[in-house]
Amino acid sequence: MITHPPVKINLGLNVLRKRPDGFHDLETLFVKSGQYSDTLEIVAGDDYSRTLSRLVALYGENSAVQGVSDEEVPQLAQGISPDGKLMITVARREGVDWNVLSDLCAKAYMLLDKDFHLPPVKIFLEKTSPVGAGLGGGSADAAYALKMLDSLFSLGLPEASLAEYASVLGSDCAFFIYDVPMTGEGRGEILSPYNLPARIVDAGTQDASRSGKDGNGKEVYELQIVVPEGIHVSTAEAYKGIVPAEPGIRLKDVLRRPVSEWKNLLINDFEKTVFKAHPELAAIKQSLYDSGAVYASMSGSGSALFALYRL
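These figures come from a predicted structure and were not determined experimentally.

Chemist: Explain helix 7 (residues 270-277) here, please?
Modeler: For helix 7, the full list of buried residues reads F270, E271, T273, V274 and F275. As for helix 7, its buried residues are in contact with strand 2 (7-18), helix 5 (235-239), helix 8 (279-290), strand 13 (295-298) and strand 14 (305-310).

This is the structure in structure tokens:
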């Protein structure tokens, strides 16, 4: 079974308050985007992999088995769980600089295996979505792994149950279980479907060629994502200096307004700290407005930015 987990953007992100558990209460709106995606394959037991030969051909010259020292960061890394039930292979052009047995896809398998005693599997992940850019690529991989395992082994889990498992893996994982824009509250795991007043389509897609309004009378906006090279923002860095506060206008109230009014109302609180540390990101955001964007913002804790253009 092969899927292509997408990424997400955040329309607005308000940091409301610090929680007793050390996390923060947030409010945001998640929207999926296929402008970046990974390739994820999961096969049972010794079943044939349709992606392994391609991964070895593209990345295999610089490969390593996890736990075996290698002077260079491998582009292809493989690990086997202590019980031998899970083999995971991860490939990435920029290098796989993490323990693949700690990858969220591996954790997704282990989480379900604990409750359902799953058969052995092999997971193959090609990471082509940006890492550490605030686009949630790793969270998407984990959520799609849960959905694939549910389907592969006929577990019959409803979306709500899959979302509960996903929320254990990460605050924004649960969103990727669903296929519609969702508001996120709490740590981001308390989700509610949200009907945006406008339709957002990925740049370069067939839908993006449409102009004016869609069949439901909604204005259509083209989404373009920009990932600056060489700038990675950790969540800890983004939170440094954040002062939680209730916004003057709540997120849902802002989102009900026309997109043309979002510029000064729909805020990502992380921009305050991240732009101070990386002023070049603020310059990129301004350049997006200069190029005709109706709305531009940083996604999540950065460093990726995005813009909406009226079609």
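Chemist: Before we go on, may I ask you to explain the environment of K276 in this structure?
Modeler: Residue position: K276 is located in helix 7. Judged by relative accessible area, which is 75%, K276 ranks as exposed. Put simply, K276 and P228 are 48 residues apart on the chain and 16 Å apart in space, counted from C-alpha to C-alpha.

Chemist: Just checking my understanding: could you explain the packing of aromatic side chains for this structure?
Modeler: The relative placement of two aromatic rings is captured by the distance of their centres and the angle of their planes. On inspection of all chains with the given rule, the structure shows 6 aromatic pairs. Pairing Y295 with F306 gives two aromatic rings, centres 6.2 Å apart and planes at 55°, and the pair type is tilted. Of this pair, Y295 sits in strand 13 while F306 sits in strand 14; the two residues are 11 residues apart in sequence, bridging distant segments of the chain. For Y295, a relative accessible area of 1% corresponds to the buried category. Members of the aromatic cluster, each reached through a chain of ring pairs, are F30, F175 and F176. Against the face of F23 rests R187, its NZ or CZ located 5.2 Å from the ring centre. In this structure, R310 packs its charged tip against the face of Y221, placed 5.6 Å from the ring centre.

Chemist: I keep staring at the layout of surface pockets and nothing clicks. Help me out?
Modeler: Over the atoms, a rolling probe the size of a water molecule traces out where space has been left empty. The calculated volume of the largest pocket comes to roughly 950 Å³. Surrounding the largest pocket, 41 residues form its lining, G136, S139, D172, T235 and S301 being those nearest its centre. Counting residues per element, the ones that place at least two in the lining of the largest pocket are strand 2, strand 3 (24-33), helix 2 (104-116), helix 3 (137-152) and helix 5. Of the residues assigned to the lining of the largest pocket, the class counts are 15 nonpolar, 18 polar and 8 charged.

Chemist: Help me understand helix 3, please; the structure alone is not making it clear to me.
Modeler: Residues spaced three or four apart along an α-helix face the same direction, because each turn holds 3.6 residues. Taking 1.5 Å of rise per residue, the 16 residues of helix 3 would be expected to cover 22 Å, and the 22 Å separating its terminal C-alpha atoms lies within 8% of that figure. In terms of residue burial, helix 3 counts as a mostly covered element, since 12 of its 16 residues are buried. Every buried residue of helix 3 is accounted for by G137, S139, A140, D141, A142, A143, Y144, A145, L146, M148, L149 and D150. At the exit of helix 3 stands S154, carrying a positive phi of roughly 50°.

What counts and how
Residues numbered from 1 in each chain as written. Predicted model: local features only at pLDDT ≥ 70, side-chain atom pairs only at ≥ 80, totals over all residues. Heavy atoms only, no water. Buried < 20%, exposed > 50% of the residue type's maximum accessible area, 1.4 Å probe, protein only. Helix = DSSP H or I, 4+ residues; strand = E, 2+ residues; numbered from the N terminus. Contact = heavy atoms within 4.5 Å. Phe/Tyr/Trp six-rings, centres within 6.5 Å; stacked < 30°, edge-to-face > 60°. Lys NZ or Arg CZ within 6 Å of the ring centre and 35° of its normal. 1 Å grid on protein atoms, 1.4 Å probe; cavity = no way out; pocket = protein on both sides within 12 Å on 5 of 7 lines; lining within 4 Å. Points joined across faces, edges and corners; volume = space filled by probe spheres on them. Nonpolar A, V, L, I, M, F, W, Y, C, P; charged D, E, K, R; others polar. Expected span 1.5 Å × (residues − 1).

Read these as layout, nothing more, since geometry by itself doesn't imply function.
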